[in-house]
Amino acid sequence: AQSVAQPEDQVNVAEGNPLTVKCTYSVSGNPYLFWYVQYPNRGLQFLLKYITGDNLVKGSYGFEAEFNKSQTSFHLKKPSALVSDSALYFCAAHGGNDMRFGAGTRLTVKP
Amino acid sequence: DTAVSQTPKYLVTQMGNDKSIKCEQNLGHDTMYWYKQDSKKFLKIMFSYNNKELIINETVPNRFSPKSPDKAHLNLHINSLELGDSAVYFCASSQRTSGRGSGANVLTFGAGSRLTVL
């Protein structure tokens, strides 16, 4: 069975600094990996996904994620954080019939 | 025009009552899901339907019964509500494909239905 771990409940960064939100996965076969963002009182929104090919995936709002097979990681990154990036971020992996989500990481970007 | 819409957005009810949450998607997707998000924001899949057929039924009490009248609708009915049922319930949809990359389909989520059981 697949699983996803987000080791940090909370990440705090200053505006303008780079940010990283960590994710590791355990998936049998080829991993299909995703990042979603959830703003307050809203549903999850898709940011980016990795299927195959280039290990660096670019997504919405300037976010990117790096797939590292040897470390089974798929960390979310952004070179320069904005206050408006503050939200809850979920890593997800698809295996079998469904999408499994990590526990979420709350990102707070301070001015 | 909302892609995945859920009603009601908020639901406050007493223990023991029966309630339903409705979900509709206008994306033409053939797969719909119900997820439960608890107070710690942990997101757990409950059910998945593909073309009106149940394909995932996680370990969920049988008080929860999904119903899919057509592939654009997936409703969630809950009997004999308990305090622990309080959560935000999210409906989602995707287009299921076969072959390589079939697991790469993006889910589109509704805005959620916050259920509070008193």
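Residues numbered from 1 in each chain as written. Chains lettered and ligands numbered in written order. Predicted model: local features only at pLDDT ≥ 70, side-chain atom pairs only at ≥ 80, totals over all residues. Heavy atoms only, no water.

Focus on the interface of chain A and chain B
So, step 1. Each side of the interface is counted separately: chain A has 23 residues, and chain B has 24 residues.
So, step 2. Summed over both sides, the interface of chain A with chain B buries roughly 2,000 Å², with 55% coming from carbon and sulfur.
So, step 3. Our count for the contact surface shared by chain A and chain B stands at 0 salt bridges. (Contact = heavy atoms within 4.5 Å. Buried area = accessible area lost by both parts, 1.4 Å probe. Salt bridge = Lys/Arg side-chain N within 4 Å of Asp/Glu carboxyl O.)

Things to note about the pattern of salt bridges
So, step 1. Going through the model one piece at a time under the given rule, you end up with 5 salt bridges over all chains.
So, step 2. The closest approach of N and O atoms between aspartate 85 of chain A and lysine 78 of chain A, which form a salt bridge, is 2.8 Å.
So, step 3. We classify aspartate 85 of chain A as buried; its relative accessible area is 3%.
So, step 4. In this structure, aspartate 85 of chain B and arginine 63 of chain B form a salt bridge, with 2.8 Å as the shortest nitrogen-oxygen distance. With aspartate 85 of chain B in the loop between β8 (73-78) and β9 (87-94) and arginine 63 of chain B in the loop between β6 (53-57) and β7 (64-70), this residue pair connects regions lying 22 residues apart in the sequence.
So, step 5. Aspartate 85 of chain B sits in the buried class, given a relative accessible area of 3%. (Buried < 20%, exposed > 50% of the residue type's maximum accessible area, 1.4 Å probe, protein only. Helix = DSSP H or I, 4+ residues; strand = E, 2+ residues; numbered from the N terminus.)

Focus: the state of the cysteines
So, step 1. Scanning the model with the defined rule gives 2 disulfides over all chains in all.
So, step 2. There is a disulfide in this structure between cysteine 23 of chain A and cysteine 91 of chain A, and the S-S distance comes to 2.0 Å. Across the S-S bond linking cysteine 23 of chain A and cysteine 91 of chain A, the dihedral sits near -65°, which makes this disulfide left-handed. Of this pair, cysteine 23 of chain A sits in the loop between β3 (19-21) and β4 (24-26) while cysteine 91 of chain A sits in strand β10 (residues 87-95), and the two are 68 residues apart along the sequence. We note that cysteine 23 of chain A, like cysteine 91 of chain A, is buried.
So, step 3. A disulfide bridge connects cysteine 23 of chain B with cysteine 91 of chain B, and the sulfur atoms are separated by 1.9 Å. (Disulfide = S-S within 2.5 Å.)

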